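Here is how the chains run, residue by residue.
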Amino acid sequence: LSGVLDDCLCDIESIDDFNTFKIFPKIQKLQERDYFRYYKVNLKRPCPFWADDGHCSIKDCHVEPCPESKIPVGIKAGSSNKYSKAANNSKELEDCEQANKLGAVNSTLSNQSKEAFIDWARYDDSQDHFCELDDERSPDAQYVDLLLNPERYTGYKGPSAWRVWNSIYEENCFKPRSVYRPLNPLAPSRGGSCLLVSVCHFSWTGLCLEKRVFYKLISGLHASINLHLCANYLLEETWGKPHWGPNVKEFTRRFDPAETKGEGPRRLKNLYFLYLIELRALSKVAPYFERAVVDLYTGNGHEDAESKALLLDIFRDTKSFHMHFDEKSMFAGDKKGAKSLKEEFRLHFKNISRIMDCVGCDKCRLWGKLQTQGLGTALKILFSEKEIQSLPENSPSKGFQLTRQEIVALVNAFGR
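Fair warning: this is a prediction, and the values are worked out from it, not measured in the lab.

**Student:** I'd like to hear about the UniProt feature "active site" (unreviewed entry) in the protein, residue by residue, with values.
**Tutor:** As recorded in UniProt, the sites labelled "active site" (unreviewed entry) are Cys361 and Cys364. Within the secondary structure, cysteine 361 sits in the loop between α11 (335-355) and α12 (362-382). Residue class for cysteine 361 comes out buried when judged on its relative accessible area of 0%. Note that cysteine 364 resides in helix α12.

**Student:** Before we move on, could you go through the pairing of strand β3 (residues 233-238) and cite the residues and values that matter?
**Tutor:** Relative to strand β4 (residues 241-245), β3 runs antiparallel, the two being bridged by five bridges. Bridging from a neighbouring strand, threonine 238 pairs with lysine 241 of β4. Joining the antiparallel neighbours β3 and β4 is a turn of two residues, in which tryptophan 239 adopts a positive phi near 50°.

**Student:** Describe the packing of helix α7 (residues 209-231) against α11, naming the residues involved and giving the relevant values.
**Tutor:** At their nearest, the axes of α7 and α11 sit 11 Å apart, and the two run at 15° to each other. Taken together, the axes of α7 and α11 are roughly parallel relative to one another. Note on packing geometry: the crossing formed by α7 with α11 is right-handed. In this structure, α7 contributes Glu210, Lys211, Val213, Phe214 and Ile218 to the contact, and α11 contributes Leu341, Glu344, Phe345, His348, Phe349 and Ile352. The class makeup of the residues in the contact of α7 with α11 is seven nonpolar, one polar and three charged.

**Student:** Can you tell me about the packing of aromatic side chains, naming the residues and giving the values?
**Tutor:** One pass over the structure, following the stated rule, counts 10 aromatic pairs. A ring pair is formed by phenylalanine 18 and phenylalanine 321, whose centres lie 4.6 Å apart and whose planes are at 40°; its orientation type is tilted. Residue phenylalanine 18 is found in helix α1 (residues 12-31), and its partner phenylalanine 321 is found in the loop between α10 (301-320) and α11; the two are separated by 303 residues along the sequence. Each member of the pair, phenylalanine 18 as well as phenylalanine 321, carries the same accessibility label: buried. Here phenylalanine 289 and phenylalanine 315 contribute two aromatic rings whose centre-to-centre distance is 5.7 Å and whose plane-to-plane angle is 35°, an arrangement assigned as tilted. Highlighted residues: phenylalanine 289 in helix α9 (residues 264-290) and phenylalanine 315 in helix α10, separated in sequence by 26 residues. With respect to class, phenylalanine 289 is no different from phenylalanine 315; both count as buried. When the ring centre of tyrosine 288 is taken as origin, the NZ or CZ atom of arginine 291, which lies over that ring, is 4.9 Å away.

**Student:** Lay out the environment of valine 411 in plain terms, naming residues and giving numbers.
**Tutor:** Inspection of the secondary structure puts valine 411 in helix α14 (residues 404-415). Aside from chain neighbours lying at most four places away, what touches valine 411 is Ile27, Leu30, Gln31 and Phe36.

**Student:** Give me the lowdown on the packing of α11 against α12, citing residues and values where you can.
**Tutor:** In contact at an axis separation of 10 Å, α11 and α12 are set at 160° when each is read in the N-to-C sense. Accordingly, the angle class assigned to the pair α11 and α12 is roughly antiparallel. By crossing handedness, the relation of α11 to α12 is classed as left-handed. Contact residues: α11 offers Phe345, Phe349, Ile352 and Ser353, while α12 offers Thr372, Leu375, Gly376 and Leu379. Taken together, the residues of the contact of α11 with α12 break down into five nonpolar, three polar and no charged.

**Student:** An account of helix α8 (residues 248-255) is needed here, citing residue identities and associated values.
**Tutor:** Taken residue by residue, α8 has Glu250, Arg254 and Phe255 as its buried positions. Considered in projection along α8, the buried side chains sweep an arc of 110° and stay on one side of the axis. The outward face of α8, more than 90 degrees from its buried face, is lined by the exposed residues Val248 and Lys249. Those residues of α8 that are buried are in contact with α7, β3 and α9.

**Student:** Any chance you could break down the UniProt feature "binding site: FAD" (unreviewed entry) in the protein for me, citing the residues and the numbers?
**Tutor:** The UniProt record annotates "binding site: FAD" (unreviewed entry) at Arg152, Thr154, Trp165, Ser219, His222 and Arg254. On the secondary structure map, tryptophan 165 appears in helix α6 (residues 159-172). For arginine 254, a relative accessible area of 1% corresponds to the buried category.

**Student:** I'd love a proper account of the pattern of salt bridges, names of residues and values included.
**Tutor:** One pass over the full model with this rule turns up 15 salt bridges. One salt bridge connects glutamate 343 with arginine 346, and the closest N-O pair in it is separated by 2.8 Å. Placement of the pair is glutamate 343 and arginine 346 together in helix α11, with a separation of three residues, close to one helical turn. Ionic pairing is found between aspartate 357 and lysine 369, a salt bridge with its closest N-O pair at 2.7 Å. Of this pair, aspartate 357 sits in the loop between α11 and α12 while lysine 369 sits in helix α12, and the two are 12 residues apart along the sequence.

How each quantity is defined
- Residues numbered from 1 in each chain as written.
- Predicted model: local features only at pLDDT ≥ 70, side-chain atom pairs only at ≥ 80, totals over all residues.
- Heavy atoms only, no water.
- UniProt positions renumbered as here; feature names shortened; annotations may be inferred.
- Helix = DSSP H or I, 4+ residues; strand = E, 2+ residues; numbered from the N terminus.
- Buried < 20%, exposed > 50% of the residue type's maximum accessible area, 1.4 Å probe, protein only.
- Pairing = 2+ DSSP bridges.
- Axes fitted to C-alpha atoms, helices over the stretch in contact; angles between N-to-C directions.
- Parallel < 35°, antiparallel > 145°, perpendicular 65-115°, else oblique.
- Left-handed = near helix turned anticlockwise from the far one by under 90°.
- Contact = heavy atoms within 4.5 Å.
- Nonpolar A, V, L, I, M, F, W, Y, C, P; charged D, E, K, R; others polar.
- Phe/Tyr/Trp six-rings, centres within 6.5 Å; stacked < 30°, edge-to-face > 60°.
- Lys NZ or Arg CZ within 6 Å of the ring centre and 35° of its normal.
- Arc of directions from axis to C-beta.
- Salt bridge = Lys/Arg side-chain N within 4 Å of Asp/Glu carboxyl O.

Take a look at the structure:
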């Protein structure tokens, strides 16, 4: 791939250089730190749209939850308000569990701030969410070590996988009204194991910037997932020992122009577009984390300080990138129309996040939920610029807040 991406003034070569030499090595290190490697997720939520057709029985679909003993005490104790060592006492611990908030606050907070934090934890900010968040207090929610459950090809394919992507594209993606292309999951011309849906053989005429952006984000997310399946593919299994690695043939089948009727390069360009959107969100949310009141709390003070320093270093790099996507061009028409379109945009994306509970393979569901939530968090950030700019320096904010779940999803989705 080369050249300029549509709908922004950024070229692919600049993104490659910036990512390879500045961002990727640091984001990789950050993902290995305790705060970001443990993700709490409910993989047992029922599919809200159709009768569940059973979970994948392939052994590589299995997700191994983390034993309680392995979870760092600061993460396990609650998602947010650790104010002092005394917080490990049962009453404080109970408050922490109830608070279910951001991944930490330092010990200088007053009692008044503590109470406010717990009150705000109950505050329904669903209007800001682009994703359906898992209830972390559910008995079905478990911690998963993302490093021990990598995203890779599991063998999950066929009608169940097709149904998920078909529902996402046909029912939840914006496209010109004149185009209707029902996607038959069993159509032989598509190839039974290929999860890539091709619905992009149309002109963008009549489709506004916001709806083009929405489609590209979903396509980019899809391309990202498919790339990881191709890059970490089960090549052979000898004496019970699996060997995983890049499958060039599979990559070619999903992305080569000749194999995809010219669609492959466009899918890959949409991945770059997704990268730009999430990069922009990271640069915009930096002030939230730069405050002393926000800590990445695990209970290990030295590691927590290093994690925050590395995250702030990444933020400095994101700000130095000179070809960001300009989200101000979105929803910029008349106020009433812009507000209505933004809400439509949010609800469509929220629906897609709910569809991830219909994925039959647990490992695919885990990474689908995480990456969808990461993108949803990025969108929440981009549409909360004023709230982020007006954050108080030394106290929690009611106007804009992120849960630990959102923070972990944002960093790991961008890392993908």
